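Next come the chains, spelled out residue by residue.
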Amino acid sequence: MTITDAAEATELIAGARERIDALDDRIIGLVQERMAVSAVVQETRIASGGRRVNLSRELEVLSHYRDALGRPGTSLAMTLLELCRGRI
Ligand SMILES: C=C(O[C@@H]1C=C(C(=O)O)C=C[C@H]1O)C(=O)O
């Protein structure tokens with residue numbers, strides 16, 4: 001790698017990291033939006049005599065992420081579920 005190539009690489013990495021940071025901000029915003037929507041479902045179910053957690057629905061969510069992203073998708077979905085309904 002020449003000196004010019006190294007400078008180009010540094011620039012490319014800096015630009016890509018800016019995009020990654022912007023994507024992470026959007027992902028965090030979407031997670032916060034998901035938490036708010038999930039809270040509405042949970043509060044409505046509890047107010048009508050049900051339970052906070054619905055395991056059959058959670059299995060659907062886990063499958064959705066696993067089908068899209070493979071095994072790590074399951075871990076991601078489990079983390080999202082914990083953020084949305086707390087630990088069980
Ligand atoms: C939001 C719900 O309530 C809980 C939270 C879920 C979620 O955040 O995806 C899924 C199932 C429930 O344990 C729901 O039943 O849809």
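Before reading further, recall that the structure is shown in the block above.
Here the structure is a predicted model, which is why all the values come from computation and not from measurement.

Student: How do you make sense of the layout of surface pockets when you look at a structure like this?
Tutor: Gaps between atoms show up when a probe of the same size as a water molecule is rolled over them. By volume, the largest pocket amounts to about 270 Å³. Around the largest pocket, the lining is made up of 15 residues, and of these Arg34, Ser38, Val41, Arg57 and Leu81 lie nearest the centre. Residue assignment for the lining of the largest pocket shows that the elements contributing at least two residues are α1 (3–47), α2 (55–69) and α3 (71–85). Broken down by element, the lining of the largest pocket gets its largest block of residues, six residues, from α1.

Student: Teacher, can you tell me more about the site of the ligand here?
Tutor: Lining the immediate environment of the ligand, one finds 13 residues, of which Arg34, Ser38, Arg45, Asn54 and Glu58 sit closest. Here serine 38 contributes a side-chain N or O atom positioned 2.8 Å from an oxygen atom of the ligand. Notes on the ligand: free accessible area 360 Å², of which the protein chains cover 91%. Given that more than half its atoms are within 2 Å of the pocket grid, the ligand belongs to the largest pocket. Counting only elements with at least two residues in the shell around the ligand, the list comes to α1, α2 and α3. Residue contributions to the shell around the ligand peak at five residues, all from α1. Residues that form the shell around the ligand fall into these classes: five nonpolar, three polar and five charged.

What counts, and where the lines are drawn
Residues numbered from 1 in each chain as written. Predicted model: local features only at pLDDT ≥ 70, side-chain atom pairs only at ≥ 80, totals over all residues. Heavy atoms only, no water. 1 Å grid on protein atoms, 1.4 Å probe; cavity = no way out; pocket = protein on both sides within 12 Å on 5 of 7 lines; lining within 4 Å. Points joined across faces, edges and corners; volume = space filled by probe spheres on them. Helix = DSSP H or I, 4+ residues; strand = E, 2+ residues; numbered from the N terminus. Near = heavy atom within 4 Å. Polar contact = N/O pair within 3.5 Å; in protein donor to acceptor, adjacent residues only side chain to side chain. Areas by Shrake-Rupley, 256 points an atom, 1.4 Å probe, with all protein chains shown as cover. Sits in = over half its atoms within 2 Å of the grid points. Nonpolar A, V, L, I, M, F, W, Y, C, P; charged D, E, K, R; others polar.

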